[in-house]
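# Fold and geometry: a report
Residue-level listing of the chains:
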Amino acid sequence: MEERLIVSMIQCFFIAFGVIVGGTLIGSIGSFLTGEAPLTSMFRIAKGLRIWAIVAAIGGTFDAISNFEKGIYDGSTFDLFKQVMIIVSAMGGVQAALLLFEFLLGEEVT
């Protein structure tokens, strides 16, 4: 069971990382084509994609809610722990992507 948890955590990390990096890069191309400053829009886009990257990584909110419900009402603490760890790993992927953009662009994404 622990092996599957680690695999899920790694996948969620990189899915969230990919949503931020891909969405920000493609979005900045759109900003360039419309005449806006692409580097400035990268910060705005990355900030707006944070919650969506987490939702995409955990597979939608309804699965997370049902797993929390199963963990609380059925007493399945492993399911509750697993869901919390998956959300934390997705948040880590988002933070890693934001740190990458801060490093590349030299400004803080707030």
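Parameters and conventions
Residues numbered from 1 in each chain as written. Predicted model: local features only at pLDDT ≥ 70, side-chain atom pairs only at ≥ 80, totals over all residues. Heavy atoms only, no water. Helix = DSSP H or I, 4+ residues; strand = E, 2+ residues; numbered from the N terminus. Buried < 20%, exposed > 50% of the residue type's maximum accessible area, 1.4 Å probe, protein only. Contact = heavy atoms within 4.5 Å. Areas by Shrake-Rupley, 256 points an atom, 1.4 Å probe, with all protein chains shown as cover. Lys, Arg positive; Asp, Glu negative; His and termini not counted. Charge placed at Lys NZ, Arg CZ, Asp CG, Glu CD.

As annotated in an unreviewed UniProt entry, the chain carries the name YtrH family sporulation protein and comes from Halobacillus shinanisalinarum.

### Considering the overall build of the chain
From N to C terminus, the chain includes four helices and zero strands. For the C-alpha atoms alone, the extent of the chain along its principal axes is close to 55 × 25 × 20 Å. Classification of the 110 residues of the chain by burial places 28% in the buried group. Long-range pairs, those at least 24 residues apart, make up 69% of the contacts in the chain between residues at least 6 apart in sequence. Per element, the accessible surface of the chain, about 6,900 Å² overall, is 69% carbon and sulfur. Computed over 6 positive and 10 negative side-chain charges, the separation of the two mean positions in the chain equals 4 Å.

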